[in-house]
Amino acid sequence: MSSTIVIDDERPDEVVAREALLDQAFGQARFEKTSERLREGRYPAIGLSLVAREVTKDGETLVGTVRLWHVLAGLVPCLLLGPLAVSGEHRSLGLGGKLMREAIRRAKDLGHAAILLVGDAPYYAKFGFSPNLTTRLDLPGPVDRARFLGLELSDAALAQAEGLVLPTGALLFPFANDLRFGTSLPPALAPSDWQQAA
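Everything numeric in this text was worked out from a predicted model, so none of it was measured.

## With respect to the overall build of the protein
No. 1: Scanning the protein from N- to C-terminus turns up five helices and nine strands.
No. 2: Ordered by position from N to C terminus, the α and β elements of the protein give β-α-α-β-β-β-β-α-β-α-β-β-β-α.
No. 3: Split into buried and exposed, the 198 residues of the protein put 40% on the buried side.
No. 4: Of the roughly 10,300 Å² of accessible surface on the protein, a fraction of 54% belongs to carbon and sulfur atoms.

In structure tokens, the structure reads:
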């Protein structure tokens, strides 16, 4: 059966399929990662949630995903990339690289100055990421310093970045810390208008 792979914006109705793909790729341990502390309860950055879809005559299947999130690196606004995932049967097609290049291009076109991530340094080096750009930054939890990488989208964007990286994206549940609402909040799934809310 012939198929085409398309890189496009993530649609709100793909959230469940995206979560299933991330479960397949990383398991439940993904929720324990330090990077997750910067994403949980937040919307991703507008225009920077991408998917790879396999399109056949029978329909579409989500086979890859990447999102970027607003963070503050010391006093420098930038983005956090991740997770990046591709379905097991599509990992030899270069989809991860295509998603990365498109995400970086869009981030630059939207005027963002830098991107941070935690990941495999040899893989991400080919996109320009380096641990040398994060030596004066800390994450809110343990991290392998060799995997804490940065990419400048404009000259010397991270030159003044020093201190703790903090989340700044729009909250999924703005009143989550209000005691009137108790502690039993619904799961952090984005509503149908999530792309406009961030």
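Continuing now.
## Some points on the confidence of the model for the protein
No. 1: On average, residues of the protein score 88 in pLDDT, and 87% of them are at 70 or above.
No. 2: Contacts of residues 178–198 to residues separated by more than four positions or lying in other chains number 31 contacts, the stretch itself having pLDDT below 50.

## Quick look at the side chain of Arg39
No. 1: As for its position among the elements, Arg39 is in helix α2 (residues 34–39).
No. 2: Once you skip the residues sitting within four places of it in the chain, Arg39 turns out to touch Trp69, Leu80, Gly82 and Pro83.

## Notes on helix α1 (residues 15–26)
No. 1: Taking 1.5 Å per residue, twelve residues should reach 16 Å; α1 reaches 16 Å between its end C-alpha atoms and fits that length.
No. 2: Buried within α1 we find Val15, Arg18, Leu21 and Leu22. Mapping the buried residues of α1 onto a view down its axis gives an arc of 120°, with all of them on the same face.
No. 3: Where α1 ends, the next residue or the one after it, Gly27, has phi of about 70°, a positive value.

## Looking at the side chain of Glu102
No. 1: You can see Glu102 is positioned in helix α3 (residues 95–109).
No. 2: Not counting chain neighbours up to four residues away, the residues in contact with Glu102 comprise Ile7 and Leu50.

## Some remarks on the packing of aromatic side chains
No. 1: Throughout the structure, instances matching the rule amount to three aromatic pairs.
No. 2: Aromatic side chains Tyr123 and Tyr124 sit 4.9 Å apart centroid to centroid with 85° between the ring planes, which places their arrangement in the edge-to-face category.
No. 3: Note on Tyr123: relative accessible area 25%, which makes it partly exposed.
No. 4: Measuring from centroid to centroid gives 5.5 Å for Tyr123 and Phe127, while their planes differ by 65°, and the two rings are edge-to-face.
No. 5: Following the ring pairs from residue to residue traces out a cluster consisting of Tyr123, Tyr124, Phe127 and Phe129.

## A look at the pairing of strand β2 (residues 49–56)
No. 1: Of all eight residues in β2, six are buried; the element is thus mostly enclosed.
No. 2: Here six bridges tie strand β1 (residues 4–9) to β2, and the two strands are oriented antiparallel to one another. Its bridge partner lying in β2, Ile5 is registered against Glu54.
No. 3: Note that β2 and strand β3 (residues 59–73) share eight bridges and pair antiparallel. If you follow Glu54 over to β3, its bridge partner there is Thr61.

## As for the pattern of salt bridges
No. 1: The full count for this structure, using the stated rule, is 19 salt bridges.
No. 2: Put simply, Arg53 and Asp8 hold a salt bridge, and the shortest N to O gap is 3.2 Å. With Arg53 in strand β2 and Asp8 in strand β1, this pair connects stretches of sequence that are 45 residues apart.
No. 3: The class of Asp8 is partly exposed, set by a relative accessible area of 30%.
No. 4: A salt bridge links Glu19 to Arg18; the nearest nitrogen and oxygen atoms lie 3.0 Å apart.
No. 5: One connected set of salt bridges, linked through shared partners, spans Asp8, Arg11, Asp13, Glu14, Arg53 and Glu60.

What counts, and at which threshold
Residues numbered from 1 in each chain as written. Predicted model: local features only at pLDDT ≥ 70, side-chain atom pairs only at ≥ 80, totals over all residues. Heavy atoms only, no water. Helix = DSSP H or I, 4+ residues; strand = E, 2+ residues; numbered from the N terminus. Buried < 20%, exposed > 50% of the residue type's maximum accessible area, 1.4 Å probe, protein only. Areas by Shrake-Rupley, 256 points an atom, 1.4 Å probe, with all protein chains shown as cover. pLDDT = per-residue confidence, 0-100. Contact = heavy atoms within 4.5 Å. Expected span 1.5 Å × (residues − 1). Arc of directions from axis to C-beta. Phe/Tyr/Trp six-rings, centres within 6.5 Å; stacked < 30°, edge-to-face > 60°. Pairing = 2+ DSSP bridges. Salt bridge = Lys/Arg side-chain N within 4 Å of Asp/Glu carboxyl O.

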